[in-house]
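Given next are the chains, with one letter for each unit.
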Protein chains: 2
Amino acid sequence: MTRPKTQVDLERLLRGDRAALARAITLIESKRADHRQAARKLLDRVLPHTCKAVRVGVTGVPGVGKSTLIDVLGSDLTRQGHRLAVLAVDPSSTRTGGSILADKTRMARLAVDPNAFIRPSPSSGTLGGVAAKTRETMLLCEAAGFDVVLVETVGVGQSETAVADLTDFFLVLMLPGGGDELQGIKKGVLELADMIAVNKADGDGMKRAAAAAAEYRSALKILTPPSATWSPPVATVSGLANHGLDALWRTILDHREKLAATGELAAKRRRQDTRWMWALVDERLHARLSGDAAQRERVRRVEQAVAQGEISPTAGADELTALLGL
Amino acid sequence: MTRPKTQVDLERLLRGDRAALARAITLIESKRADHRQAARKLLDRVLPHTCKAVRVGVTGVPGVGKSTLIDVLGSDLTRQGHRLAVLAVDPSSTRTGGSILADKTRMARLAVDPNAFIRPSPSSGTLGGVAAKTRETMLLCEAAGFDVVLVETVGVGQSETAVADLTDFFLVLMLPGGGDELQGIKKGVLELADMIAVNKADGDGMKRAAAAAAEYRSALKILTPPSATWSPPVATVSGLANHGLDALWRTILDHREKLAATGELAAKRRRQDTRWMWALVDERLHARLSGDAAQRERVRRVEQAVAQGEISPTAGADELTALLGL
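Presented here is an overview of the structure given in this document. (Residues numbered from 1 in each chain as written. Chains lettered and ligands numbered in written order. Predicted model: local features only at pLDDT ≥ 70, side-chain atom pairs only at ≥ 80, totals over all residues. Heavy atoms only, no water.)

**Observations concerning the interface of chain B and chain A**
Note the following rule: Working rule for contacts: check all heavy atoms of both residues, and any pair within 4.5 Å makes them a contact. By buried area we mean how much accessible surface two parts lose on assembly, using a 1.4 Å probe and totalling the loss over both. Definition used for salt bridges: Asp or Glu carboxyl oxygen within 4 Å of a side-chain nitrogen of Lys or Arg. In protein, a polar contact requires one atom able to donate a hydrogen and another able to accept it; more generally it is a pair of N or O atoms within 3.5 Å, and residues adjacent in sequence count only if both atoms are side-chain atoms. Each helix is a run of H or I in the DSSP string that is no shorter than four residues. Each strand is a run of E no shorter than two, and both are numbered from the N terminus. Three classes are used, and their members are as follows: Ala, Val, Leu, Ile, Met, Phe, Trp, Tyr, Cys and Pro are nonpolar, Asp, Glu, Lys and Arg are charged, and the others, Gly among them, are polar. Strands pair, by our definition, only if DSSP identifies at least two bridges between them.
At the interface, 56 residues of chain B touch 56 residues of chain A. Counting the surface lost from both chain B and chain A, the interface buries some 5100 Å², and carbon and sulfur atoms represent 69% of this. In terms of surface lost to chain A, no three residues of chain B exceed Lys 187, Ile 222 and Trp 278 of chain B, which account for 16% of the buried area on that side. Counting the contacts that link chain B with chain A gives four salt bridges. One salt bridge in this structure joins Asp 318 of chain A and Arg 40 of chain B, with 2.9 Å as the shortest N-O distance. Taken together, chain B and chain A are joined by 12 residue pairs in polar contact (both at pLDDT 80 or more). Contributing elements (two or more residues each) for the side of chain B that touches chain A: helix H3 (33-46), strand S6 (185-186), helix H9 (187-192), helix H10 (205-220), strand S8 (223-224), helix H12 (264-289), helix H13 (293-307) and helix H14 (313-324) of chain B. A total of 14 residues in the side of chain B that touches chain A trace back to one element, the largest contributor, which is H12 of chain B. Among the residues making up the side of chain B that touches chain A, the classes are represented as 29 nonpolar, 12 polar and 15 charged. Judged from the two bridges that link them, strand S6 (residues 185-186) of chain A and S8 of chain B form a sheet pairing that is parallel. Bridge pairing in S8 of chain B places Ile 185 of chain A opposite Leu 223 of chain B.

Structure below.
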């Protein structure tokens, strides 16, 4: 007798049962209407058991060594008694068929660690959709007793913003660069960073990593820190050589402690929650505007007319609100 | 016989008549329903005569010398045959009763210059409202033959983003700072900057301004430029001593020429227009949700329940979309 997909054993999930967790995530990711409704009910029921984890976002270009760093740091954490979930946001994974993040094969140690749970990026298309599923998966992991959640992203389009908006602490990994060539930081990402870590500070890379860190550090000085409580530090680390990862984790805990003391952490999560709610409202609004082909065509024509300067944005907004029946 | 407020002589406006322009702006800023409708019609009629000006946004903290710089640069421009409009976005002006930007008394030369038109920030409350009025005022000024529009802001909240989204070129003014104390740049602002100019590079300030510029320059190096066509330069200027303002203007024209050649300028304006349209749709959605006191109270309660973690953002979004009848 197979259990219908829409039924998740909440007790088992709360006890940390991995099969129940996997089943719950499958339900969350399903597009079937009855599954979606069941998923919503499930989420409401797990809500009181969430919000307990340290939520960390990790970004960096392909090749920066995210997987190795997460594999090594994560193994240290589970050895210390933590239970770790590794999730991913990669809106490109379906389209390009490319890198599915949080891949078990790239995290050999965590893949066989009973206290680690790895889940690749959901492949639901839009960034908003992927981020929403990842957020719900994070809540399920928290309910299942995972006390550290790492969410990684490669930084396609606005995915860093989405991940930063899911997490408490946003870690930006950089490459040491070669000679004069310093790796550029995407501007929007600098704004989100709670810490910059130059990875691959091992062997020959040590000196170059230190030099790069010094440059990033002096550059960060010209920016007003987003909070009086926290100025993003710059460190050198090596995932491969397990260098600086304990200090990195202490930085994350230090950030957490300081922002919790001032109430900023709670405020940040509240802001993330309400912002997410409004994003969902927006998404539904857009979904409604693109409901059927004729509707989509009318929206496209209005957008085009505005872009071409044929009608004013105000007149365009009039037409769109009329389409919505508002 | 007084002409009814809702009637603007389009012919006179297009000939650059200042009284007709002032009347049109008053109409745009009015909140009366019949005025708003007349304003919308007027805007549709002037639309073919717009988009011709060089649109420049200027930001900097109070005391950085925005008014002096604009007064001196603007006078140079009118002397060269340009017609200049100076507008402002200051969402705080109504609430604090504080600095009304683009104040005639602070721009002594431009205030009496027949080829300059100064208009303080509209005082309609929300940033969205203020920015919308300023954008429409800009269009009217373009229709009236002003070929340079400067929009200044002090950078309250998100006002820099709003101004950058109105303009082609975003200029960030900085103070030279004293000794080791470099003035911090707000992170979000760095992302918007097409140029950083350290002002007050005169007399004693010269050396400090040059040192500050060097620091900003090396800091900008670590950022990936937003466009392959344009890397934001850092310069020293003095509004007071009229130093570097001609070079500044040449930089603005250079930016314009380069981005026009690649099509990026047209694409940027198209993007701004469609983004503005969607922002208007959003604003109306929110207006509808805050239509009456009972409705506002329900929205507030939903937001609070989500912020307190009593209901999930998804459940909150359900309630809000139900309120909207979507």
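After that view of the structure, there is still more to cover.
**Considering helix H3 (residues 33-46) of chain A**
Residues and elements named next belong to chain A. This is how the line gets drawn: Working rule for helices: expected span equals 1.5 Å times residues minus one. The buried label applies to any residue whose accessible area, calculated with a 1.4 Å probe on protein chains only, is under 20% of its type's maximum; exposed applies above 50%, and partly exposed to all values in between. Think of the arc as the fan of directions from the helix axis to the C-beta atoms.
Along its 14 residues, H3 runs 20 Å from first to last C-alpha, staying within 8% of the 20 Å computed at 1.5 Å per residue. Among all positions in H3, only His 35, Ala 38, Ala 39, Leu 42, Leu 43 and Val 46 are buried. Seen from one end, H3 has its buried residues packed into an arc of 140°, which puts them on one side. H3 presents Ala 33, Gln 37 and Lys 41 as exposed residues on the side facing more than 90 degrees away from its buried surface.

**Observations concerning the packing of helix H12 (residues 264-289) of chain A against H13 of chain B**
Convention followed: The axes used here are C-alpha line fits, helices contributing only the stretch in contact, and every angle between their N-to-C directions lies in the interval 0 to 180 degrees. Roughly parallel refers to an angle under 35 degrees, roughly antiparallel to one over 145, roughly perpendicular to one between 65 and 115, and oblique to any angle outside these ranges. Here a crossing is called left-handed whenever its near helix is offset anticlockwise from the far helix by less than a right angle, and right-handed whenever the offset is clockwise.
Close contact between H12 of chain A and H13 of chain B brings their axes to 8 Å; oriented N to C, the two are set at 130°. On the basis of their axis angle, the class for H12 of chain A and H13 of chain B is oblique. Pair H12 of chain A / H13 of chain B crosses with right-handed handedness. Contacts from Arg 270, Asp 273, Thr 274, Met 277 and Trp 278 of chain A of H12 of chain A reach H13 of chain B at Val 299, Val 302, Glu 303, Val 306 and Ala 307 of chain B. Residue composition of the contact of H12 of chain A with H13 of chain B, grouped by class: six nonpolar, one polar and three charged.

**Overview of the sheet that holds strand S2 (residues 84-88) of chain B**
All names here are of chain B. Taking strand neighbours across the sheet as the criterion, the seven strands line up as S3-S2-S4-S1-S5-S7-S9 in an open arrangement whose pairing is parallel. With one partner strand each, in any of the chains shown, strand S3 (116-118) and strand S9 (234-236) form the two edges of the open sheet. Adjacent strand axes in the sheet meet at a mean angle of 20° when their direction is disregarded. The sheet contact formed by strand S1 (residues 54-59) and strand S5 (residues 169-174) spans four bridges and is parallel. Each residue of the ladder has a partner; that of Gly 57, found in S5, is Phe 170.

**Here we look at the environment of Pro 48 of chain B**
Structurally, Pro 48 of chain B can be placed in the loop between H3 and S1. Considering only alpha carbons, one finds Pro 48 of chain B and Ala 24 of chain B, 24 residues apart in sequence, at a separation of 16 Å.

**Remarks on the relation of the copies chain B and chain A**
Worth spelling out the cut-off: Least-squares fitting of one copy onto the other uses the C-alpha atoms of those residues that reach a pLDDT of at least 70 in both copies.
When chain B is fitted onto chain A, the two copies agree to an RMSD of 0.1 Å after a turn of 180° and an axial shift of 0.0 Å. Taken together, the rotation angle and the small translation identify this as a two-fold axis. Considering only C-alpha atoms, the part of chain B nearest the rotation axis is Ala 219 of chain B, at 2.1 Å. The overlap is high: 100% of the interface residues of chain B also sit at the interface in chain A, so the same surface is used on both sides.

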